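Spelled out from the first residue to the last, the chains are:
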Amino acid sequence: MKTFTKSVKLDNVCYDIRGPVLDEAKRLEEQGFNIIKLNIGNTAPFGFQTPESIIHDIVLNMKDAQGYGDSQGQFPARNAVLMDLQTKGLMDAGIDDIYIGNGVSELIMITMMGLLNLNDEMLIPMPDYPLWTAAVTLAGGSPVHYRCDEQSGWNPDLADIRSKISGKTKGIVIINPNNPTGAVYDREILEGVAEIAAEKGLIVFADEIYSRITYDGAKYIPMASINPDILTISFDGLSKAYRAPGLRCGWMSLHGNKKCAAGYIEGLKMLTNMRLCANMPAQFGIQTALGGYQSINDLLLPGGRLHEQRDIAVDMVSRIPGLSVTVPKGALYCFPKMDSRFNITDDERFVLDLLREKHLFLVQGTGFNWDMPDHFRIVFLPEKETLKEAIKRLGEFLADYRQ
Ligand code: PLP
């Protein structure tokens, strides 16, 4: 019988957030078990609502959302993004530098597909948000991971970045605020990245989808504000701050030295044209989202839901013998470390054992391309009681777990 296998292009593509452990979680659920799923930053299952004003605008305009629209995005939606960039002091983008996509995910794929030739290298943080590594691989490029240093609050290690640049390096990805570590980079770090990019002629891809989610007064600084001489592509969207991941709506904006990239920009336009247009209904929500009252802020202040859940996660995890964790200053995650007492050599087996025994689903550090089997990610989106229950189960499990 003729059989069909997946393409070799997918051979080295890894996306464990929705990978093999999820299959096991589904199998257990089908057997009637209640699994606490902390594998993905999905807001809706944990009771977070998209602001009503956004839904209202989408519903009101639904009739006008039936046809294909502009492949780069509808004018009012892109104009709203433009105004938002200007309020952040980013004055150098025009309407034509803004692209709306079906989530940041799609735009990541488009930017990598449009840029990379076979074996071109892209510097990606380690740990990463694994779609970046997957997208580079799928586009025929080679992901090269630079270390983020837990000892310095998970900041990018600038010396490591330098040491990994070759003649084939095309760009560098930064994720700020960071998934999975929760780090928020200060100006010095961003300047360090920009200096390297300027010196080596690299494009900076700044995934800033958590830009509005910071705690304890941590300040998000847009990468594109750092150095106008380099080309920076910034990404943001409705999924996180606006709790609307299912609307599949994100955008990117091009800043700085665009003259050097006329050919690349032509490629980006070709790729956006090829998929006709982004989700039309969601685009009607962008203007309402970006203007006026920002309800996310209430969730981030002391006493706010996300702030409280972050504190619970950090506090409970650090009380578990053998675990340590850097306090996240942004985003929705923390990335605890397991010490050597657990003797973990295979962290996928660790999360599978945890899932089977305690019905708790976490993602192992190597799922974020971390090079040691000694970390995992916690999503702190669940309500207090569920989160406490989840971390209690983790503590019970680790009390006598050894590999
Ligand atoms: N970038 C980062 C760093 C993320 O954490 C996520 C989702 O978790 C995405 C991109 C995907 O965003 P979107 O829902 O807009 O595709």
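Note that this is a predicted model, so its numbers are computed, not measured.

Draft legend 1. Summary view of the pairing of strand 4 (residues 142–149). Here 6 bridges tie strand 3 (residues 121–126) to strand 4, and the two strands are oriented parallel to one another. Of the residues in strand 4, the one forming a bridge with Glu121 is Ser142. Between the parallel elements strand 3 and strand 4, the chain passes through helix 5 (residues 131–138) in a crossover that is right-handed. From the end of strand 4 to the start of strand 5 (residues 155–156), which pair antiparallel, there are 5 residues, and Gly153 there has a positive phi angle of about 65°.

Draft legend 2. Structural detail: the layout of surface pockets. Each pocket or cavity is described by its volume, and for the largest pocket that value is around 490 Å³. Lining the largest pocket are 23 residues, with Tyr15, Ser105, Tyr129, Lys240 and Arg248 sitting closest to its centre. Counting residues per element, the lining of the largest pocket draws most heavily on helix 4 (residues 103–115), which supplies 4 residues. Across the lining of the largest pocket, the residue classes break down as 11 nonpolar, 7 polar and 5 charged. Both domains that furnish three or more residues to the lining of the largest pocket are identified here as domain 1 (8–49 + 298–398) and domain 2 (52–290). Volume-wise, the second largest pocket comes out at about 270 Å³. Taken together, 15 residues form the lining of the second largest pocket, with Lys37, Asn39, Ile40, Pro45 and Phe46 sitting closest to its centre. Elements represented by at least two residues in the lining of the second largest pocket include exactly helix 1 (20–30), strand 1 (36–37) and helix 14 (384–399).

Draft legend 3. Representation of the domain arrangement of the protein within the structure. Under the domain assignment, the protein is made up of domain 1 (8–49 + 298–398) and domain 2 (52–290). Its C-alpha centre places domain 1 at a distance of 25 Å from the equivalent point of domain 2. Facing 35 residues of domain 1, the contacting portion of domain 2 comprises 35 residues. Residue Arg310 is joined to Asp216 by a salt bridge in which the shortest nitrogen-to-oxygen separation is 2.9 Å. Here domain 1 is connected to domain 2 by 16 residue pairs in polar contact (both at pLDDT 80 or more).

Draft legend 4. View of the site of the ligand. Lining the immediate surroundings of the ligand are 13 residues, of which Val104, Ser105, Asp207, Tyr210 and Ser239 lie closest. At a separation of 2.7 Å, an oxygen atom of the ligand approaches a polar side-chain atom of Asn179. Here the ligand, which alone exposes 400 Å², has 95% of that area covered by the protein. Of the pockets mapped on this structure, the ligand occupies the largest pocket. Ranked by residue count, the leading element in the shell around the ligand is helix 4, at 3 residues. Taken together, the residues of the shell around the ligand break down into 6 nonpolar, 4 polar and 3 charged.

Draft legend 5. The pattern of salt bridges, seen in detail. Inspection of the entire model under this criterion finds 28 salt bridges. Residue Asp339 is joined to Arg341 by a salt bridge in which the shortest nitrogen-to-oxygen separation is 2.9 Å. Counted as one network, the salt bridges with shared partners bring together Lys358, Glu389, Lys392, Arg393 and Glu396.

Draft legend 6. Quick look at the nonpolar core. Trp132, Phe205, Ile286, Phe350 and Leu394 are the most contacted members of the largest nonpolar core, which totals 104 residues. Mapped onto the domain boundaries, this core takes at least three residues apiece from domain 1 (8–49 + 298–398) and domain 2 (52–290). When near neighbours in sequence (up to four residues on either side) are disregarded, Phe350 contacts Met338, Ile344, Phe376, Leu394, Phe397, Leu398, Tyr401 and Gln403. Within the second largest apolar cluster, 29 residues are counted, among which are Val144, Ile196, Ala206 and Phe335.

Draft legend 7. Fine view of empty space enclosed by the protein. The tally for this structure, following the rule as stated, stands at 2 cavities of 30 Å³ or more. Taken together, 13 residues make up the lining of the largest cavity; nearest its centre are Leu85, Lys88, Ser234, Asp236 and Ser253. At the level of secondary structure, the elements contributing two or more residues to the lining of the largest cavity comprise helix 3 (75–87), strand 8 (231–237) and strand 9 (250–256). Its residues placed into classes, the lining of the largest cavity shows 6 nonpolar, 3 polar and 4 charged. Its residues assigned to classes, the lining of the second largest cavity comprises 6 nonpolar, 1 polar and 2 charged.

Definitions and cut-offs
Numbering of residues starts from 1 in every chain and runs along the sequence as written. For a predicted model such as this one, the threshold for reporting local features is a pLDDT of at least 70, and the threshold for listing and counting side-chain atom pairs is 80 or more; totals across whole chains, interfaces and linings nevertheless cover every residue. The basis for every side-chain value is the complete set of non-hydrogen atoms in the structure, without hydrogens or water. By definition, two strands form a pair when at least two bridges between them are found by DSSP. Every helix listed is a DSSP run of H or I at least four residues long, and every strand listed is a run of E at least two residues long, numbered separately from the N terminus. Note on handedness: a clockwise path from strand one over the helix to strand two, with the strands aimed away from the viewer, defines a right-handed crossover. Using only the protein atoms, space was sampled on a 1 Å grid; points where a 1.4 Å probe fits but cannot get out form cavities, open sets with protein on both sides within 12 Å along at least five of seven lines form pockets, and lining residues are those with an atom within 4 Å of a point. Grid points are joined across faces, edges and corners, and a volume is the space filled by probe spheres set on the points. All amino acids are sorted into three groups, where Ala, Val, Leu, Ile, Met, Phe, Trp, Tyr, Cys and Pro are nonpolar, Asp, Glu, Lys and Arg are charged, and the leftover types, Gly among them, are polar. The source of the domain bounds is an automatic or database domain assignment. Contact definition: two residues touch when any of their heavy atoms are within 4.5 Å. A side-chain nitrogen of Lys or Arg and a carboxyl oxygen of Asp or Glu constitute a salt bridge if their distance falls within 4 Å. By the criterion applied in these results, polar contacts are pairs of N or O atoms within 3.5 Å in which, for protein atoms, one can donate a hydrogen and the other can accept it, and in which residues neighboring in sequence qualify only through two side-chain atoms. Here a residue is considered near a molecule or strand provided that any single heavy atom belonging to it is located within 4 Å of it. Only the protein chains shown count as covering a residue, and every accessible area follows the Shrake-Rupley method with a 1.4 Å probe. To be counted as sitting in a cavity or pocket, a molecule needs more than half of its atoms within 2 Å of that site's grid points. By nonpolar core is meant a set of buried Ala, Val, Leu, Ile, Met, Phe, Trp, Tyr and Cys residues that side-chain atoms within 4.5 Å join together. The buried label goes to any residue with under 20% of its type's maximum accessible area, the exposed label to any with over 50%, and the partly exposed label to all in between, with areas taken from a 1.4 Å probe on protein chains only.

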